[in-house]
Structures are given as C-alpha cells and as structure tokens.
Amino acid sequence: LVTAVAVITASLEASINQSIDGTVRAQLVVLDEGSGGFSPEVATTLRQDPKLADISEIRGTDVLVGDIATGVTGFDTGNIGRVLTFSMTAGSAASIATNNTTIVDSTEAASENLHVGSTVTMTFANGDKVNMSVGGIYTPDALISGFLVSLDTLNPHLTTARDADIALNPAPGVSLPTAQASLLNDLRAYPQLSGLTRTQYKNLISAGLNTFLNLIYVLLGLAIFIAVVGIVNTLALSVLERTRELGLLRAVGMTRGQTREMVAWESVIIALLGAVLGLAVGSGLGIALVSALHSDGISQTAVPGNNLILYAVAAGLFGIVAAIFPAIRASRVDILRAVTTE
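Presented here is a report on the structure given in the accompanying data block. Please read all numbers here as calculations on a predicted model, not as lab measurements. (Residues numbered from 1 in each chain as written. Predicted model: local features only at pLDDT ≥ 70, side-chain atom pairs only at ≥ 80, totals over all residues. Heavy atoms only, no water.)

### Section: helix α6 (residues 176-186)
Within α6, the full set of buried residues consists of A179, Q180, S182, L183 and D186. Viewed along the axis of α6, the buried residues span an arc of 160°, placing them on a single side of the element. On its buried face, α6 is in contact with β1 (28-32), α2 (41-47), β2 (52-65), β9 (165-170), β10 (193-197) and α7 (198-241). (Buried < 20%, exposed > 50% of the residue type's maximum accessible area, 1.4 Å probe, protein only. Helix = DSSP H or I, 4+ residues; strand = E, 2+ residues; numbered from the N terminus. Arc of directions from axis to C-beta. Contact = heavy atoms within 4.5 Å.)

As structure tokens, then:
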C-alpha cells in the first residue's frame, strides 16, 4: 500500500511539473491558496503596474452538459498565447476568441462524441442555456482539462465573477526578480494572495503533494502496525513450538546472545521477504493505476527508487523491533526442561 501510494504521488508530481513546463508560459502567477477565488479588482490593480505585462485572468464555473455536471474555464484570449499553450489535436486554441466557442480536451470529446464543428449545450448555474460550437480539441494534462472558453463568453452567465488565478509576465526589459518584487508590493492590499514564480509554483504543488503523502502514511501506519504484530505473533509461536530444539541448541553450546541473534535474523528475513513482495506488487499496482489515468492528464509514470530503498530498510528495522520479545523469550528457555519437552 505504501509503495503504490508513493508511485501514484510521484507520478502525479512529475505530470504536474511537466504540465507547468509545457503548458504555462507565464513567468509569474497569482493565486489564492484557499479555494474561494478572489475579486477581478486584483487584475485591475496589476494592470496599472508598468513593470508587469500580459495580465491574464483565469476563472471557472460548473455547468451541465446534457445531464452531466462538469466544469468550464474562461481565459483572457487577448494574452492567452503569451501565458499558456495547448497541445491541439484538432482545430485551434485561438477559436475561443469567437463568442460562444469552446475547445475541449480529447478525453471529454471522446466520451461525448464531439469533434470540431459540433455543438454542445451548456446550462449555467443562473439557468442560462448556451449552444457552444466546438472550435478545437486539445490533449489534457495534470493542470488543464475540460471545456475552455473566453472570458467574454463566460462572464455574462456568472452571477459573481471570481478569479481562480492570474497569469502574467514581467514587462519588456524588466527582470523577473524586479517584476516579482513589484507584484508582491501590489498584493499587499490582498494578504490572502500569493505572487509566485513558475519555479515557486511547482515547489508549492510538490509541498502539497508531500503533505498528502505524509497523511496517507499516517493512515497506513495501522496496517504497518498490524504487520509488525503479525511478525511478533509468528515468531512467538515459532519459539513456543521449537522449545525442544532451542534447548538442544543451548545444550550443545549456543549462547543466549546467539539465540537472540538467530531469532532476530529470522524476524528480519520475514520482514524483508514481505517488503520485497510488497515493493514488487505495490509498484505494479501503482504503475497500473497511473496508466489508467493517462487519459485524464497524468501522463508521467515515476517510480521513486530512493523511497523504495528506504522502505526496504525500514522493513528490516521493523523486523528487528518485532524480534525483541520473542528473542528474549527464546534466550531464557530452561535447558533441562526444554530437552525433556515432548
């Protein structure tokens, strides 16, 4: 379980990093680390800063396509080519500049049987029903998927406009550190917002994934505890069933220390055997799950080799811990009583 989760998380992180490098051209991004979005006034403030350029708002909402709930994301088409790029399989991303035109990811297009020139009806939360023409189909990634439209198409159907992110660049001739410093100064009036470089954005996502992974490890701790108890139980029964053999070994010269060492090695071998099987099965399971998610944008498969080595070492240590009680019990076997045990 630990290995499978590690593979999935590493693959997700690799896919997101590839998506940022391949899709995001903007050198700076403004985001709310909460989930409520923020006022379009922020973009208005940033547009007044001469050190910043290509201010592009990104906002989204939920819609119904037929009877299926999905999401639609709106972009500022005036700057989209300078802040984002899409891997198109058909049509053109620039088509969304035309009112009531959308582009859709290839997975959604396949499930809805859509192609360039198709018409799809979207029902917005305010009750508006809009017939959208499909102007292109793109390959989804870990950041962007679903239906994409222009802000001009999206805004009339929103009860309240809230930006999810803002992508932007330094103005011509302005260095990235200078532009970020100016951006952070502009955002002082909005303390809930962060102004990050593309590298900082990737690091933020990685930190979030690591937090998620640590939470999963805590939840899996119970399974690990049960496994250690299983080893203790197996060794304790083994010591009990081999009382005569242990007595004979002691009688022919095995010391208490050697007895404890023998039981400890048995425990470590059991733990490492389970670890090797777990690493193999868990890696296979993780790779299979990631492969099943390729159509949803998780395009990279990553196996965290260093982590897997640490898991194997940890399993050996758990084996040593599990052997403590059975080893002490084995070393204290009374030799005379043991050799006469039937």
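### Some remarks on unusual backbone geometry
Despite not being glycine, N100 shows a phi value in the positive range, around 60°. Residue placement: N100 occurs in the loop between β4 (88-91) and β5 (101-105). The residue N113 is not glycine, and still its phi comes out positive at about 55°. Counting through the fold element by element, N113 comes out in the loop between α4 (106-112) and β6 (119-124).

### A look at the pairing of β6
When β2 meets β6, the two strands line up antiparallel, connected through 3 bridges. Bridge pairing in β6 places L64 opposite T123. Note: β6 against strand β7 (residues 129-138), 5 bridges, orientation antiparallel. Of the residues in β7, the one forming a bridge with T119 is S133. Counting the residues between successive antiparallel strands, the hairpin from β6 to β7 contains 4 residues, one of them, G127, with a positive phi of roughly 100°. (Pairing = 2+ DSSP bridges.)

### Looking at the nonpolar core
Counting residues in hydrophobic clusters, the biggest one holds 23 residues, and the most contacted among them are F75, L84, F86, I144 and L148. For this core, the secondary-structure elements that each account for two or more residues are α1 (2-23), β1, α3 (80-83) and α7. The element contributing the most residues to this core is α7, with 3 residues. Core analysis: the next-biggest nonpolar cluster, separate from the first, contains 17 residues, V65, V72, M122 and V130 among them. (Core = buried A, V, L, I, M, F, W, Y, C linked by side-chain atoms within 4.5 Å.)

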